[in-house]
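Residue-level structure breakdown
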Amino acid sequence: MTSTTELFHPVISLPEPVRVDRYKRLVGLDDIKTRLRKEAAVLADPAVLTRWAAANHRGVSSDNAAFTLLRDRAPLLLFAGDVGSGKSALAESFGCDLATFLDVDVNLYRLKLSARGTGHVGEMTALIDEAFQKVGAEARIGRTAAGKLQAVTILVIDEADALVQSREASQMHHEDRAGVDAFLAGIDQFAGSGIPLLVVMCTNRLAALDPAVKRRAAATFTFGRPNADQRRQVLSGAFEGFELADETIEKLVLATGERGDGLPGFTYSDLTQRLVPTAVLAAYPDEPITADLLITVAEDLGPTPPFSDVAAS
Ligand SMILES: Nc1ncnc2c1ncn2[C@@H]1O[C@H](COP(=O)(O)OP(=O)(O)O)[C@@H](O)[C@H]1O
Ligand SMILES: [Mg+2]
């Protein structure tokens, strides 16, 4: 048996203040957050639908066809899209919102990338089986014998393409193919089981994910680069209190946007992890932050090139 600490990063109980704050601070994801809350609530606790029906469709039985279709889906959510667009940040924080919405505890498990194994025959399959056994055991405790929901378990698999890349890829190692099969078998045990488990996979390379894995997903959420309003929100938030003129922020919003030559604009993380720190350090220790300084920094850095999302060949 592999120990829990070898398979997962430390388990976190949600809600907790740092992640509540991180969830709130994610910009431009309101539509995704709304849809994610609904999908997650219905997958983790099908009883929410029964309560809704009791208020709105009283003639409907709890095992009606529509609810059965929803309930029988695998509890798998895919987060796909550009680098630095909030996939990991949302995957590791939406449990705070879900905990409040359902009024239960949420246990956050994050699979370690090293859980992929070293390529020895049978190793990856065994690791994936064990990971599902462990989160499954935790998730089962989340429902009382009487069926009442007390806790939801979320398993986040970040950089999921490293784990379940397409079995169609020609040079794919036999061991990786076995890993995909183990993953599908693992997630399928939970479809329609009523066990409050959610698996979230994040990837920058949706096209590289195995088609069978993509088909299993109850929902796929697509993340993108910020538009002008969203860049304005991130930048004015970051520089709040610096007393920069509105027109300075506007120039920076433009300088970080799409360019005439077809290059896309800055990603969220280009703004928060590159532009803002670089600008502050360029001014520190002797100068204030000025419009010229900000524009120069933005032009020097430039956006992260788009990730070409093509299936491995
Ligand atoms: N929608 C967003 N709103 C605000 N900041 C964001 C957003 N998306 C990403 N960031 C910033 O970029 C950092 C990296 O984001 P991350 O979630 O790791 O990106 P991804 O997993 O999509 O590559 C975050 O910690 C945050 O500072
Ligand atoms: Mg990420």
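As a convention, each chain's residues are numbered from 1 in the sequence order in which they are written. Each chain is given a letter, starting from A, and each ligand a number, starting from 1, according to the order in which they appear as written. Under the rules for a predicted model, residues below a pLDDT of 70 receive no local features and side-chain atom pairs below 80 are neither given nor counted, while totals for whole chains, interfaces and linings still include all residues. Derived side-chain values reflect all non-hydrogen atoms in the structure, with water molecules and hydrogen atoms excluded from consideration.

To qualify as a nonpolar core, a set must consist of buried Ala, Val, Leu, Ile, Met, Phe, Trp, Tyr and Cys residues joined through side-chain atoms within 4.5 Å. Only protein chains enter the accessibility calculation, which uses a 1.4 Å probe. A residue is then buried if its area is under 20% of the maximum for its type, exposed if over 50%, and partly exposed in between. Residues F79 and V152 are the most contacted members of the largest nonpolar core, which totals 39 residues. Secondary structure is summarised from DSSP: a helix means a run of H or I of at least four residues, a strand means a run of E of at least two, and numbering begins at the N terminus for each. The element best represented in this core is helix α3 (residues 30-44), accounting for seven residues. In this description, contact between two residues means that some pair of their heavy atoms is separated by no more than 4.5 Å. What V152 contacts, discounting residues up to four positions off in sequence, is A44, L98, L102, V104, D105, V106, N107, P196 and L198. Judged by nonpolar contacts, the second largest core, of 34 residues, contains A115, I195, M201 and L209.

Before going further, it helps to examine helix α8 (residues 123-140). Spanning 18 residues, α8 covers 26 Å between terminal C-alpha atoms, matching the ideal 26 Å at 1.5 Å per step. Three or more residues of α8 are buried, namely M124, L127, I128, E130, A131, F132, K134, V135, G136 and A139. In this analysis, the expected span of each helix is defined as 1.5 Å times one less than the number of residues it contains.

Turning our eyes to something else, we now look at the site of ligand 1. For ligand 1, the set of nearby residues contains 16 residues, the closest of which are V27, G84, K87, S88 and A89. The contact in question runs from an oxygen atom of ligand 1 to an N or O atom on the backbone of G84, over 2.7 Å. Two N or O atoms form a polar contact when they lie within 3.5 Å of each other; inside protein one atom must be a possible hydrogen donor and the other a possible acceptor, and for residues adjacent in sequence the pair counts only when both atoms belong to side chains. In this structure, T272 approaches ligand 1 through a side-chain N or O atom, which is 3.1 Å from an oxygen atom. We get accessible surface area from the Shrake-Rupley algorithm with a probe of 1.4 Å; when it comes to residues, only the shown protein chains can shield them. Taking 560 Å² as the accessible area of ligand 1 by itself, protein coverage stands at 80%. Listed by contribution, the elements that provide at least two residues to the shell around ligand 1 are α6 (87-91) and α13 (268-283). At four residues, α13 tops the list of elements feeding residues into the shell around ligand 1. Grouping the amino acids of the shell around ligand 1 by side-chain chemistry returns six nonpolar, seven polar and three charged. The criterion for a residue being near a molecule or strand is simple. One of its heavy atoms has to lie within 4 Å of it. Only Asp, Glu, Lys and Arg are considered charged in this grouping, and only Ala, Val, Leu, Ile, Met, Phe, Trp, Tyr, Cys and Pro are considered nonpolar; every other residue, Gly among them, is considered polar.

Once that is clear, we can look at the side chain of T153. Relative to the assigned elements, T153 resides in strand β4 (residues 151-157). A relative accessible area of 1% places T153 in the buried class. A polar atom in the side chain of T153 sits 3.5 Å from the side chain of N107. Other than its neighbours up to four places away in sequence, T153 contacts N107, Y109, V135, E138, A139, P196, L197 and L198.

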